[in-house]
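# Structural overview
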Amino acid sequence: MELIRKPEWIRLKTPSGKIYTNVKQTLRSLELHTVCEEARCPNMSECWAMGTATIMVMGSICTRGCRFCSVSSGGPGLLDSKEPENVATAIREWGLNYVVITSVCRDDLEDGGADHIAKTIRAIHVKCPQTVVEALIPDFRGDWEAIEKIVRAGPQVISHNIETVARLSPTVRDSRATYSQSLMVLQKINDFNTKIYTKSSLMLGLGEYEPEIIETMRDLRSIKVSILTMGQYLQPTSRHLPVVQYITPERFNWFAQVAYPMGFSYVASGPLVRSSYKAGEFFIRKMSR
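Thresholds, definitions, all that
Residues numbered from 1 in each chain as written. Predicted model: local features only at pLDDT ≥ 70, side-chain atom pairs only at ≥ 80, totals over all residues. Heavy atoms only, no water. Core = buried A, V, L, I, M, F, W, Y, C linked by side-chain atoms within 4.5 Å. Buried < 20%, exposed > 50% of the residue type's maximum accessible area, 1.4 Å probe, protein only. Helix = DSSP H or I, 4+ residues; strand = E, 2+ residues; numbered from the N terminus. Contact = heavy atoms within 4.5 Å. Phe/Tyr/Trp six-rings, centres within 6.5 Å; stacked < 30°, edge-to-face > 60°. Lys NZ or Arg CZ within 6 Å of the ring centre and 35° of its normal.

## Some words on the nonpolar core
Within the largest apolar cluster, 38 residues are counted, with the highest numbers of intra-cluster contacts made by Ile-101, Ile-124 and Ile-150. When contributions to this core are tallied by element, the ones reaching two or more residues are strand E2 (52–57), helix H4 (83–94), strand E5 (98–103), helix H5 (114–127), strand E6 (132–136), helix H6 (144–153) and helix H8 (179–192). Among the elements that line this core, the one with the most residues is H5, at six residues. Beyond its immediate sequence surroundings of up to four residues, Ile-101 is in contact with Ile-55, Val-57, Val-87, Ile-117, Thr-120, Ile-124, Val-133, Glu-134, Ala-135 and Leu-136. In terms of nonpolar packing, the next biggest core, distinct from the first, is built from 35 residues, Met-203, Leu-241, Phe-264 and Val-267 among them.

Here you go:
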């Protein structure tokens, strides 16, 4: 297949700056990982400078192999029992006002690692009571008890990414991650606690059609998901799915204008938007009202 040339609006910035260097040094000293680095996020320096970071717990090896994701897959190691406290310590050192806790999929663990994530959230609440916590969770194979563990830990926001439209989901995602199961995970979060903000994310440019994108928005709103992010899919390596189309910034803006009347509280939509892009900015602005 012929590669599509990147348009001028896709400009990846090289991470730099004092804050970026300080955060990176702390990560290494505490043996922590961020999805910002693992997923090669283009907004790393900007988000870190704004006091927002996405920390990936339970290692950097995923038990699944989604065809869009740059995180390594294979057999992960043992959980680090000190990780929840180390994460909370790092957040206190950085003075973050908003943190996203995410993870690789750990299908090798009975609860998918839900207890470990919940311990991390609680440790942050104790050491950094002013920090807003978002949990970006896997589907836990549809285990409702695992999802409830996360809800009970008390994050202000819980995210689970639908990733793509229903038709493309079997091609784009690991076979253990289905479109319907992702909707059920988000539904269950709302069932457990309606006060928690639910959030999801869509990648565009994988060959989806406009009506499918709008239908996915409607599916998310039908289960009262309140925050939506949409960004351009970028092929991490030649082994991953190719980009079918680059969506213009104007088209991303149009999708946001379509989404808001559906009832979303906040929509971030643009070529370089990622799941946690400017998450703290939204939450602070929302709460200040």
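After that view, the rundown keeps rolling.
## Quick notes on the environment of His-160
Within the secondary structure, His-160 is located in the loop between strand E7 (157–159) and helix H7 (169–172). Residues His-160 and Thr-102, spaced 58 residues apart in sequence, show a C-alpha to C-alpha distance of 9.7 Å. When neighbours within four sequence positions are excluded, His-160 is seen to be in contact with Leu-136, Ile-137, Pro-138, Asp-139, Arg-173, Ser-182, Val-185, Leu-186, Lys-199 and Ser-200.

## Describing the packing of aromatic side chains
For the coordinates displayed, the defined rule picks out one aromatic pair. Between Trp-254 and Phe-255, the aromatic rings sit 5.3 Å apart at their centres with planes inclined by 70°, giving edge-to-face as the arrangement. The side chain of Arg-251 reaches across the aromatic face of Phe-255, ending 5.7 Å from its centre.

## Details of the side chain of Thr-164
Relative to the helices and strands, Thr-164 is located in the loop between E7 and H7. According to the relative accessible area criterion, Thr-164 is buried, its value standing at 0%. If sequence neighbours within four positions are ignored, Thr-164 has contacts with Ser-169, Val-172, Tyr-179, Leu-202 and Leu-206.

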